[in-house]
Amino acid sequence: MPSPVARRPLETLPKAHLHLHFTGSMRHGTLLELAARDGIHLPESLVADWPPRLSAADEKGWFRFQRLYDVARSVLRTPDDVRRLLREAAEDDAVDGGRWLEIQVDPSGYAARFDGITAFTELVLDAAAEATHLTGVPVAVVVAANRTRHPMDARTLARLAGQYAGRGVVGFGLSNDERRGTTADFAPAFRIAERAGLALVPHGGELLGAASVRTCLDVLHADRLGHGVRVVEDPALLARVAEAGVALEVCPTSNVSLGVHPDLSSVPLPELLEAGVAVALGADDPLLFGSRLAAQYATMRAAHDLDDATLAELGRMSLRAARMPETLRSVLLGEVDAWLAAPPPDA
Ligand SMILES: [Zn+2]
């Protein structure tokens with residue numbers, strides 16, 4: 001039985017953050033400050049009406065979401081801006097009990113301003129190392145291709161990601177509107193990343209249903225899935241995902257903001273856990289959805305009346321699904337046990 005009484009602070013639960021986008025991780029205050037510095041006009045939904053009301057129920061809604069993303073991208077103009085973004089993302093995760101961060105970046109979105117995808121990737125890796133040093137939260141990078149661009153671009157990015165495998169890049173992803181492009185066309189890019197030993201972490205099962213999850217498994221050989229929540233629509237596939245140990249990067253606030261689920265209590269976390277699926281909660285794009293890492297655990301605790309043992313298991317699952325060194329993983333898993341073993345503050 002879930003206990004409504006035990007309430008250990010979620011900010012001290014050790015966890016790994018496996019679904020956070022580079023641009024979308026920006027602090028709202030940083031967006032305002034950088035926009036003011038360069039005289040960039042921001043739409044009201046990113047100023048007085050922040051966080052914006054979004055929906056991805058149709059292509060128009062998704063287009064609006066992407067437009068806001070483009071605006072956010074446009075305020076990052078100097079290498080110092082990039083360093084600041086990564087440092088602040090790591091600082092914010094540190095406050096939330098994040099002990100390992102895998103941040104997704106699509107270098108092609110910044111290539112024009114930062115001397116090409118290779119130079120930009122090197123800048124991001126250097127900034128990630130600096131953020132790691134300054135905050136104590138290790139920051140690893142997932143290079144993500146954009147499915148609305150040509151699959152040839154994805155292959156170029158996969159080769160680039162492979163060059164930095166073991167030097168800061170830990171994974172290869174595929175993002176943007178699932179309803180656009182053909183997932184199978186990206187298989188050659190994923191083969192390149194697979195040969196380089198990277199974690200394969202495409203988005204799937206968010207805007208499209210279970211069939212999209214199946215394609216990510218069969219064709220892209222996904223090790224984890226960005227979102228993947230709609231796998232619950234197909235019980236056989238749900239069992240397969242559990243059996244295969246493919247972790248889902250579930251982002252509750254994102255799902256509700258974009259209309260994937262009508263409200264937090266409809267995010268099918270209990271069904272996933274019941275089926276034995278590994279879940280790592282993530283914030284996706286705090287800049288657009290208005291909440292960060294620990295808030296994902298807090299909203300799920302509130303919406304589904306999760307007890308602290310379940311929350312500890314969510315922390316453990318995020319650590320197990322991360323591409324972190326085994327020595328660090330065993331230390332952090334021990335810290336989760338200690339978190340749960342300690343009595344709650346008001347006990
Ligand atoms: Zn995402």
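Residues numbered from 1 in each chain as written. Predicted model: local features only at pLDDT ≥ 70, side-chain atom pairs only at ≥ 80, totals over all residues. Heavy atoms only, no water.

Asks: I keep staring at the packing of helix α7 (residues 210-218) against helix α8 (residues 235-244) and nothing clicks. Help me out?
Replies: Think of two packed helices as two axes; the pair is described by the angle between the axes and how far apart they sit. Two elements in contact, α7 and α8, have axes separated by 10 Å at closest approach and are oriented at 35 degrees. Note that α7 runs across α8; the crossing there is left-handed. Counted together, Ala 210, Val 213, Arg 214, Leu 217 and Asp 218 of α7 and Leu 237, Arg 240 and Val 241 of α8 form the full contact between these two elements. For the contact of α7 with α8, the class distribution of residues is five nonpolar, no polar and three charged. (Axes fitted to C-alpha atoms, helices over the stretch in contact; angles between N-to-C directions. Helix = DSSP H or I, 4+ residues; strand = E, 2+ residues; numbered from the N terminus. Left-handed = near helix turned anticlockwise from the far one by under 90°. Contact = heavy atoms within 4.5 Å. Nonpolar A, V, L, I, M, F, W, Y, C, P; charged D, E, K, R; others polar.)

Asks: Before we go on, may I ask you to explain the nonpolar core in this structure?
Replies: Soluble globular proteins: nonpolar side chains tend toward being buried together. The biggest cluster of nonpolar side chains holds 114 residues, and the ones touching the most others in it are Phe 22 and Phe 172. Here this core takes seven residues from helix α4 (residues 116-135), the largest share from any one element. Among all residues touching Phe 22, those that are not within four sequence positions of it are Leu 76, Val 82, Leu 85, Leu 86, Ile 103, Gln 104, Val 105, Tyr 110, Phe 120 and Val 124. (Core = buried A, V, L, I, M, F, W, Y, C linked by side-chain atoms within 4.5 Å. Buried < 20%, exposed > 50% of the residue type's maximum accessible area, 1.4 Å probe, protein only.)

Asks: What exactly am I supposed to notice about the sheet that holds strand β3 (residues 139-146) here?
Replies: One key point about sheets: their strands pair by backbone hydrogen bonds, in either a parallel or an antiparallel sense. Read from one edge of the open sheet, eight strands run β1-β2-β3-β4-β5-β6-β7-β8, paired in parallel fashion. This sheet does not close on itself; its edge strands, each paired only once, are β1 (15-21) and β8 (279-281). The sheet shows a mean angle of 25 degrees between the axes of neighbouring strands, direction not considered. Two strands pair when backbone bridges link them, and strand β4 (residues 169-175) and strand β5 (residues 199-204) are joined in this way by four bridges, in the parallel orientation. Across the sheet, residue Leu 174 finds its bridge partner in β5, namely Pro 202. Against the sheet, helix α13 (residues 308-321) touches β1, β6 (224-227), β7 (247-250) and β8, its axis set at about 65 degrees to β1. (Pairing = 2+ DSSP bridges.)

Asks: Explanation requested: the packing of aromatic side chains in the structure shown.
Replies: The description of an aromatic ring pair rests on the distance of the ring centres and on the angle between the ring planes. The tally for this structure, following the rule as stated, stands at nine aromatic pairs. Centroid distance Phe 65 to Phe 289: 5.8 Å. Interplanar angle 15 degrees. Geometry classified as stacked. Note that Phe 65 is positioned in helix α2 (residues 59-74) and Phe 289 in helix α11 (residues 286-289), a separation of 224 residues in sequence. The two residues Phe 65 and Phe 289 agree in class, both being buried. A cation over a ring is seen here: Lys 15 above Tyr 297, with NZ or CZ 5.3 Å from the ring centre. The ring of Tyr 110 is capped by Arg 73, whose NZ or CZ atom sits 6.0 Å from the centre of that ring. (Phe/Tyr/Trp six-rings, centres within 6.5 Å; stacked < 30°, edge-to-face > 60°. Lys NZ or Arg CZ within 6 Å of the ring centre and 35° of its normal.)

Asks: Please explain the coordination of the zinc ion as it appears in this structure.
Replies: Around a metal, the ideal angle is 109.5 degrees if four donors adopt a tetrahedral arrangement and 90 or 180 degrees if six donors adopt an octahedral arrangement. Protein ligation of the zinc ion involves His 19 (NE2), His 21 (NE2), His 203 (NE2) and Asp 284 (OD), the donor distances falling in the range 2.1 to 2.3 Å. Donor residues for the zinc ion, ordered by position in the chain, follow H-x1-H-x181-H-x80-D. With His 203 in strand β5 and Asp 284 in the loop between β8 and α11, the pair connects residues that are 81 residues apart, well separated along the chain. Both residues of the pair, His 203 and Asp 284, belong to the buried class. (Donors = N, O, S within 2.8 Å, 3.2 Å for Na, K, Ca; no water.)

Asks: It is not clear to me how the UniProt feature "domain: Adenosine deaminase" (unreviewed entry) in the chain should be interpreted in this structure. Could you clarify?
Replies: The sites that carry the UniProt feature "domain: Adenosine deaminase" (unreviewed entry) are, in the present numbering, residues 14-339. The distance from the first to the last C-alpha atom of residues 14-339 is 8 Å, and the span holds 49% helix and 14% strand. (UniProt positions renumbered as here; feature names shortened; annotations may be inferred.)

Asks: What is the right way to read the pairing of strand β2 (residues 98-105) from this model?
Replies: Consecutive residues of a regular strand have side chains that alternate between opposite faces of the sheet. The buried count for β2 comes to seven of eight residues, which makes it a mostly enclosed element. Relative to β3, β2 runs parallel, the two sharing five bridges. By the bridge assignment, Val 105 is partnered in β3 with Val 143.

Asks: Explain the state of the cysteines here, please?
Replies: A covalent bond between the sulfur atoms of two cysteines is what we call a disulfide. Throughout the structure, instances matching the rule amount to zero disulfides. Distance from the sulfur of Cys 216, which forms no disulfide, to the nearest cysteine sulfur (Cys 251) is 14 Å. Exposure remark for Cys 216: the relative accessible area of 2% places this residue in the buried category. Given a relative accessible area of 1%, Cys 251 falls into the buried group. (Disulfide = S-S within 2.5 Å.)

Asks: Would you take a moment to explain helix α1 (residues 28-38) for this structure?
Replies: For the α-helix, the turn length of 3.6 residues means that residues three or four positions removed from each other point alike. All of the buried residues along α1 are His 28, Thr 30, Leu 31, Leu 34 and Ala 35. The buried residues of α1 occupy an angular sector of 160 degrees when the element is viewed end-on, so they sit on one face. Buried-residue contacts for α1 involve α2, α3 (79-95) and α11. Just past α1, the residue Gly 39 takes up positive phi, approximately 65 degrees. (Arc of directions from axis to C-beta.)

Asks: Explain unusual backbone geometry here, please?
Replies: Leaving glycine aside, a negative phi is the common case for residues, and trans is the common case for peptide bonds. Backbone torsion omega between Trp 50 and Pro 51 reads -5 degrees, so that peptide bond is classified as cis. Tracing the backbone through its elements, the reader meets Pro 51 in the loop between α1 and α2. Although it is not a glycine, His 221 sits at a positive phi angle of roughly 60 degrees. Within the fold, His 221 resides in the loop between α7 and β6. Residue class for His 221 comes out partly exposed when judged on its relative accessible area of 33%. Look at His 227: it is not a glycine, yet its phi comes out positive at around 75 degrees. Mapped onto the elements, His 227 comes out in strand β6.

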